[in-house]
Amino acid sequence: MDPRRGRVATSGAPTRDPERLFPAEARTRDIARGLYERVATAPIVSPHGHVPVEWIAHDEPFTDPTALLVTHDHYVTRLLHASGVDLADLGVGGHPIDPREAWRIFAEEWRVFAGTAMGYWLEEELHSVLGIDLEPSAETADLLFDSIQAKLDTPPFRPRALFERFGIDVLATTDDPLDDLHLHAEIAASGLAGRVLPTFRPDRYLDPDAPGFTSDVGRLLGHEGQATTFPGYLEALRARRAHFIRHGATSADHGVEDPHTVDMTREEAASLFQAVVAGRADARQRRAFRGHMLLQMARMSVEDGLVMTLHAGVVRNHSTATFERFGPDTGHDFPRRTDFVRGLRPLLERFGLDKSFHLVLFAVDETVYSREIAPMASFYPSVYIGAPWWFLDAPDAMARFRSAVTESAGFSRGSGFIDDTRAFLSIPARHDTARRADASFLARLVREGRLTEAAAGSILDDIVGPQPKRVFKL
Amino acid sequence: MDPRRGRVATSGAPTRDPERLFPAEARTRDIARGLYERVATAPIVSPHGHVPVEWIAHDEPFTDPTALLVTHDHYVTRLLHASGVDLADLGVGGHPIDPREAWRIFAEEWRVFAGTAMGYWLEEELHSVLGIDLEPSAETADLLFDSIQAKLDTPPFRPRALFERFGIDVLATTDDPLDDLHLHAEIAASGLAGRVLPTFRPDRYLDPDAPGFTSDVGRLLGHEGQATTFPGYLEALRARRAHFIRHGATSADHGVEDPHTVDMTREEAASLFQAVVAGRADARQRRAFRGHMLLQMARMSVEDGLVMTLHAGVVRNHSTATFERFGPDTGHDFPRRTDFVRGLRPLLERFGLDKSFHLVLFAVDETVYSREIAPMASFYPSVYIGAPWWFLDAPDAMARFRSAVTESAGFSRGSGFIDDTRAFLSIPARHDTARRADASFLARLVREGRLTEAAAGSILDDIVGPQPKRVFKL
Amino acid sequence: MDPRRGRVATSGAPTRDPERLFPAEARTRDIARGLYERVATAPIVSPHGHVPVEWIAHDEPFTDPTALLVTHDHYVTRLLHASGVDLADLGVGGHPIDPREAWRIFAEEWRVFAGTAMGYWLEEELHSVLGIDLEPSAETADLLFDSIQAKLDTPPFRPRALFERFGIDVLATTDDPLDDLHLHAEIAASGLAGRVLPTFRPDRYLDPDAPGFTSDVGRLLGHEGQATTFPGYLEALRARRAHFIRHGATSADHGVEDPHTVDMTREEAASLFQAVVAGRADARQRRAFRGHMLLQMARMSVEDGLVMTLHAGVVRNHSTATFERFGPDTGHDFPRRTDFVRGLRPLLERFGLDKSFHLVLFAVDETVYSREIAPMASFYPSVYIGAPWWFLDAPDAMARFRSAVTESAGFSRGSGFIDDTRAFLSIPARHDTARRADASFLARLVREGRLTEAAAGSILDDIVGPQPKRVFKL
């Protein structure tokens, strides 16, 4: 069965519904359309994501459709894997493939993406970015592959041309603390019509349970010429943050399974550090260290002004066999329950009332939106509500999110949309989806007499540009 | 940016949409309007709230707009605080202010309330209660302040006049067990067109971790001439409940972080009590004592008939600095996960099947609605589903609530609406919001062929009046 | 008050709205109707349920309306109990009653079912199955009882006639591992127009905390002539599964409070088994044994191909007094929080990547849909998303379910609808409800430009028949 067969019939003809994602009810839909049109072509502000900086710096053509749209997008490969496809056959983990063969597998399995966010983004990329209106299927696989390949070989589809065509104002990458960031410097000097900023992502240097932690800390200390002491360790981290700030970074990103924070004295921390680097710390101590370093990162953010973004609640590398064969970020990371209220209390007791401190909370456990994040963000001047993340970055989830947070926190405490993606071609689609979802939510409030259209309009204007720039200090 | 600017244009003209909060779809909206009109002007039954009894007893004019609408409403002050306003500048915690200056801050920040429940209530209060159709803003602040002040200085805006104008049938206050309740007696004798009843709220005398617990228990025992023994302690509590009942109380309210209940023998309880009052109990023992006293309160409710309302799941005073500077109930109380099914089991094992016992469960963790509260309330004759509380007392949250509980528990197990507020002027708006939300939910069921309009009508009639009177034994 | 009074006026006239459960908005409703009509009369595939096999095998007339529609349906009796009815007066737990008297109680309390799934199903049964269009009430109780009784005494209302009239293609029962399944064999040989298959349900033999565990294990070992050793125990279970497979079983069902799984060596398991059967195991060890046996059941499913269905998250027999008086499954089972991601990790580490292994996860904690089940099912080829279960088997809950899982997992990872019921007459209503709910959800995606109507149509076709047959290996 190919549930998208219907689309094949229309191949060649434009298939994108201009009113896509708008509310069903006609009057509300009219309001949503009017609101959306205010921001439809606004510049893209992307303060957090995973686009490799080399793409923009080197501006080399994308090699092939498979590498660009399938292999490196774990949103796509995980669902193909669930459908019985071997990740190796998609080139995941660097396994050698014939791109055309892998593309055929993707096209044959296309139906599994029906109704998903990935399917929606891919359709947008094919149609709106690549200008190809062909439904992927066994029959169209080769034609699609060749059509896309032909485009990718032309200048307008090189990364920088697309960057400018997408109207990207700011794009943040995510980088290792020891990265010298020379590529960011090159881009800054290159006259690109938009900024590409680094983001400080120190997890591997803060989590004793991260593979290679001890050697990574060793490299960090060595790089900064610091002794293996807690003060030296903090100083090295501080120095790397300063390096990032000199290269335009405005935020530091932290990914943790559990938003657990711990306060302790310098002395306690110093001896715990020695136990941890010596591999003498037990699970409880390692968790305490991790929790304390999150608090130390908050302190540094208060000191150096980097916005602190916290992505919490994901159990990583759930399948050991997959991890060993394909590495991390290959689809087997799953959310778990998260407790921000009790977990972040030590950190907020220290820094929560500081108005210059920005802490943006991203969740994949949507129960925390109305229960924890909105209430905290509507009291602490430092706490901001992160946009729906990962599995929740989708139209229905966005509607649930707005409904869950707005009635207690309003719109002013949000982060604005974050695409958080490595799928470069999906960036316009992702931002457009958020704009349509927010226009739809606001339109409902207008239809329900809870906002005037003028009020809704200026709120949407703010959400799309000024808000993320304010929250991320751009 | 002022997202509400659009409203300013319409100042002077009526801005309240008569169909506000009704469903978008026209036919459903028509049904909702018809249902709403049945109950739009029905008397207000408010079985749980926090209006200071002095207001009704002394009937003094409200001092000024700021004290009335801003300073004492932590729903309002918390969002202003998140926006960078110092709570002291709003007069929170008794900090001295110039009311007009504080009002200007509120009016300048008005935009942050767009889309929130607080913003909706405030608009209702300004327009429907005070008859002022001016959008708060920097420009309108002084004019608004003066217009409201002028109203407050006139007899029709004195508390008792408003009480009667609001059509309040019953209003319950929340009171300390040692309160002599003479003000309630005075009101009862005053010929007010409506009842003002006290509610027994003993938390501070039951929780060893409450500040001043030992001295409070000492005062309780001394007041009732009881010895410092567990039987004396229970007897003193029983006596105070009887005092409340003599003054018209029909319910006892319990606020706990965790709905944890513990059964134990009289002997165990007696020795635990001695350890607790002597300050010798550790955290585990104090938690057990707290859990056992909740069970003892249920026993007393079975004996004396007071309805037991349980407000569970809030972590109080999350920010120590704020607590020390401004005191409790100043916006830094946040929900946490709650487990009613396992936590209440010991209590329900004892008293759950008693049909004369009424236990009303209020949650701020909305995941328990479909998972725990509706299933328990649709088996135990003693368990009732509390209306959406606090952060969930808002139109969208009410729709989620009805959707979550109705399919397994129907409408008969609900508590009816509870405004739970100290914001006296918001009482009509809060009840009107619930009536519109319930009419909208019922209208959808009618539109979906799940209820007849006649059935929906009589359900709504019941929800608005008879149901809360039945559940709260009014 | 009788909120359904409105219906009485229409008695005798058809009251079922042909567009019931469809979306409110007219265009979306039109799409939903069109989709629904594709599958409205499709054969019923019921891969999991609790209809007693004797009913189909013996084909005896149903004794009376009360036994058929009330006494044995804990969905119905629990809400009557909450309303103050004594379960004994309904005949629960085998308490002797006059069926007519019990029916009158049910009819008088009918209003409590307004808006519930049970009320909806009962209306469908009365109208669509029994052809009786009378609203239950005190006035209509006897007339209804007599009308239904008259039908039940006629051949067209005997179980097998109804089975064929309902268009049941496959119906799975749930059976004890020691059942000889001769009734299933008889039915298979009887020429019934449809299959009746057994399901292996071994909980009582796997859970040391189950009442009678030791003696049940003894009976199991004795029946298969195995020694009281862990290998003998496993072999006996394996043999019973083989017996079920020979009688057409395609799945094994597991009901657990907590989806906790544990891996351990054969040696550890063997000694733990001895401790458990000897009653020497403490709570922690019993939990570990339970968790390990779930992993062993998965291993056997990998070996013998039985689909593994996991129903997790229910605290059973919450009210001891009710359990002692009426037995299990009498309405006092309540959901609790569930953790599939961490709980199932040991099991999935072993078998999660096996494409021949089918593990279907059913939840009553709807927070896991978007957070845990959809993400896991969209990576592990073995994991399937179970349809909304028990308290969530209702129209609104189904809409929340589809919204929660589809954007990350699509439609291909679902189990298809499972009625999970003992209420034989409600089977068509339950499947029809799911078809209308899925048609409504798909229609919204079409209206929002996220799916073509053709795509939605073929997805719905698949969900209703091919999908459950694929997932349950039918």
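Up top is the structure.
Since the model is a prediction, treat every value here as computed from it, not as a measurement.

Chemist: What's the story with the interface of chain A and chain C in this structure? I'm lost.
Modeler: For an interface, size is often stated in terms of accessible area lost upon the parts coming together. The interface is formed by 55 residues belonging to chain A together with 49 residues belonging to chain C. Summed over both sides, the interface of chain A with chain C buries roughly 4,100 Å², with 54% coming from carbon and sulfur. In terms of surface lost to chain C, no three residues of chain A exceed His318, Arg337 and Asp396 of chain A, which account for 17% of the buried area on that side. Where chain A meets chain C, there are 3 salt bridges. With its nearest N and O atoms 3.2 Å apart, the salt bridge here joins arginine 371 of chain C to aspartate 365 of chain A. Taken together, chain A and chain C are joined by 24 residue pairs in polar contact (both at pLDDT 80 or more). Elements that contribute at least two residues to the side of chain A that touches chain C include exactly α1 (5-9), α2 (26-39), α5 (74-82), α7 (117-129), α16 (320-326), β7 (334-335) and α20 (395-409) of chain A. Of the residues assigned to the side of chain A that touches chain C, the class counts are 24 nonpolar, 15 polar and 16 charged.

Chemist: Is there a simple way to explain the relation of the copies chain A and chain C in this structure?
Modeler: One copy of the chain maps onto the other through a rotation about an axis followed by a shift along the same axis. Aligned on chain C, chain A shows an RMSD of 0.0 Å; the corresponding rotation is 120 degrees and the shift along the axis is 0.0 Å. Such a combination of rotation and displacement between the chain copies is what one expects of a three-fold axis. Minimal C-alpha distance to the rotation axis in chain A is attained by glutamate 25 of chain A, lying at 3.3 Å. Counting the interface residues of chain A, we find that no more than 5% of their copies in chain C are interface residues as well, pointing to two distinct contact surfaces.

Chemist: Teacher, can you tell me more about the sheet that holds strand β2 (residues 168-172) of chain A here?
Modeler: Strand pairing within a sheet occurs via backbone hydrogen bonds; the two strands may be parallel or antiparallel. Residues and elements named next belong to chain A. Strands sit in the order β1-β2-β3 across an open sheet of 3 strands; the sheet is parallel. The open sheet terminates on both sides in strands that have one partner only, identified here as β1 (44-46) and β3 (195-197). Strand after strand, the sheet turns through a mean of 10 degrees between neighbouring axes, direction not considered. In the sheet, β1 pairs with β2 via 3 bridges, with the strands oriented parallel. For isoleucine 44, the partnering residue across the bridge sits in β2 and is isoleucine 168. The sheet contacts of helix α21 (residues 427-447) involve β1 and β2, and relative to β1 the element is tilted by about 100 degrees.

Chemist: What exactly am I supposed to notice about helix α7 (residues 117-129) of chain C here?
Modeler: Because the α-helix completes a turn every 3.6 residues, residues three or four places apart line up on one side. Residues and elements named next belong to chain C. In this model α7 runs 17 Å from its N-terminal to its C-terminal C-alpha over 13 residues, within 8% of the 18 Å that 1.5 Å per residue would give. When α7 is considered as a whole, its buried residues turn out to be Ala117, Met118, Gly119, Tyr120, Trp121, Leu122, Glu123, Glu124, Glu125, Leu126 and Val129. Positive phi shows up at glycine 131, right after α7, with a value of about 65 degrees.

Chemist: Explain unusual backbone geometry to me, please; I cannot follow it from the model alone.
Modeler: Residues apart from glycine generally show negative phi values, whereas peptide bonds are mostly found in trans. Located in the positive-phi region is aspartate 59 of chain B, a residue other than glycine, with phi close to 50 degrees. Using a relative accessible area of 14% as the deciding quantity, one classes aspartate 59 of chain B as buried. The backbone of aspartate 420 of chain C shows a phi angle near 55 degrees, a positive value even though the residue is not glycine. Relative to the helices and strands, aspartate 420 of chain C is located in the loop between α20 (395-409) and α21 (427-447).

Chemist: Looking at this structure, how should I read the relation of the copies chain A and chain B?
Modeler: Between the two copies, chain A and chain B, the superposition gives an RMSD of 0.0 Å; the rotation angle is 120 degrees and the shift along the axis is 0.0 Å. Counting the interface residues of chain A, we find that no more than 6% of their copies in chain B are interface residues as well, pointing to two distinct contact surfaces.

Chemist: Mind showing me how you'd approach the interface of chain A and chain B here?
Modeler: If you look at the interface, chain A gives 49 residues, while chain B gives 54 residues. In total, about 4,100 Å² of surface goes out of reach between chain A and chain B, with carbon and sulfur atoms giving 54% of it. Summed over the three residues of chain A that lose the most area to chain B, namely Arg371, Phe379 and Glu407 of chain A, the buried surface amounts to 19% of that side. In this assembly, chain A and chain B are joined by 3 salt bridges. Its salt-bridge partner being arginine 450 of chain A, residue aspartate 396 of chain B comes within 2.9 Å of it at the nearest N-O pair.

Chemist: Help me out: how do you make sense of the pairing of β2 of chain A in this one?
Modeler: A regular strand places its side chains on the two faces of the sheet in alternate fashion. All names here are of chain A. β2 sits mainly inside the fold: 4 of its 5 residues count as buried. Sheet topology note: the β2/β3 ladder contains 3 bridges and is parallel. Note on β3: the bridge partner recorded for leucine 171 is valine 196.

Chemist: Would you explain the packing of helix α2 (residues 26-39) of chain C against helix α22 (residues 453-464) of chain C in this entry?
Modeler: Axes are the key here: two packed helices are described by the angle between their axes and the distance separating the axes. Residue and element names in this part refer to chain C. At their nearest, the axes of α2 and α22 sit 9 Å apart, and the two run at 40 degrees to each other. Judged by the inter-axis angle, α2 sits oblique to α22. For the element pair α2 and α22, the recorded crossing hand is right-handed. Facing Ile31, Leu35, Tyr36, Arg38 and Val39 of α2, the residues of α22 in contact are Glu453, Ala456, Gly457, Ser458, Leu460, Asp461 and Val464. Its residues assigned to classes, the contact of α2 with α22 shows 7 nonpolar, 2 polar and 3 charged.

Chemist: What exactly am I supposed to notice about the packing of aromatic side chains here?
Modeler: The relation between two aromatic rings is expressed through the spacing of the ring centres and the mutual angle of the planes. If you walk through the whole model with that rule in mind, you get 75 aromatic pairs over all chains. The interplanar angle of 70 degrees and the centroid separation of 5.8 Å between the aromatic rings of tyrosine 75 of chain C and tryptophan 121 of chain C together place this pair among those described as edge-to-face. Taken together, the residues tyrosine 75 of chain C in helix α5 (residues 74-82) and tryptophan 121 of chain C in helix α7 connect sequence positions 46 residues apart. Assessed through its relative accessible area of 7%, tyrosine 75 of chain C is described here as buried. Members of the aromatic cluster, each reached through a chain of ring pairs, are Trp103, Phe106, Trp110, Phe113 and Phe145 of chain A. The ring of tryptophan 121 of chain A carries the charged tip of arginine 430 of chain A above its face, separated from the ring centre by 3.7 Å.

Chemist: Whenever I open this one, the sheet that holds strand β4 (residues 251-256) of chain B confuses me. Can you help?
Modeler: Residues and elements named next belong to chain B. In spatial order, the strands read β4-β5-β8-β9; together these 4 strands make up an open sheet with parallel pairing. Edge positions in the sheet fall to β4 and β9 (383-385), since each of these pairs with one other strand and no more. Adjacent strand axes in the sheet meet at a mean angle of 25 degrees when their direction is disregarded. Summarising the sheet, strand β8 (residues 359-363) and β9 pair through 3 bridges and their orientation is parallel. Each residue of the ladder has a partner; that of valine 360, found in β9, is tyrosine 384.

Chemist: What is the right way to read the environment of arginine 165 of chain A from this model?
Modeler: Residues and elements named next belong to chain A. For arginine 165, the position within the fold is in helix α9 (residues 159-165). Separated by 36 residues in sequence, arginine 165 and valine 129 place their C-alpha atoms 9.4 Å apart. Not counting chain neighbours up to four residues away, the residues in contact with arginine 165 comprise Ser128, Val129 and Phe157.

Reading guide: rules and limits
Residues numbered from 1 in each chain as written. Chains lettered and ligands numbered in written order. Predicted model: local features only at pLDDT ≥ 70, side-chain atom pairs only at ≥ 80, totals over all residues. Heavy atoms only, no water. Contact = heavy atoms within 4.5 Å. Buried area = accessible area lost by both parts, 1.4 Å probe. Salt bridge = Lys/Arg side-chain N within 4 Å of Asp/Glu carboxyl O. Polar contact = N/O pair within 3.5 Å; in protein donor to acceptor, adjacent residues only side chain to side chain. Helix = DSSP H or I, 4+ residues; strand = E, 2+ residues; numbered from the N terminus. Nonpolar A, V, L, I, M, F, W, Y, C, P; charged D, E, K, R; others polar. Least-squares fit on C-alpha atoms with pLDDT ≥ 70 in both. Pairing = 2+ DSSP bridges. Axes fitted to C-alpha atoms, helices over the stretch in contact; angles between N-to-C directions. Expected span 1.5 Å × (residues − 1). Buried < 20%, exposed > 50% of the residue type's maximum accessible area, 1.4 Å probe, protein only. Parallel < 35°, antiparallel > 145°, perpendicular 65-115°, else oblique. Left-handed = near helix turned anticlockwise from the far one by under 90°. Phe/Tyr/Trp six-rings, centres within 6.5 Å; stacked < 30°, edge-to-face > 60°. Lys NZ or Arg CZ within 6 Å of the ring centre and 35° of its normal.

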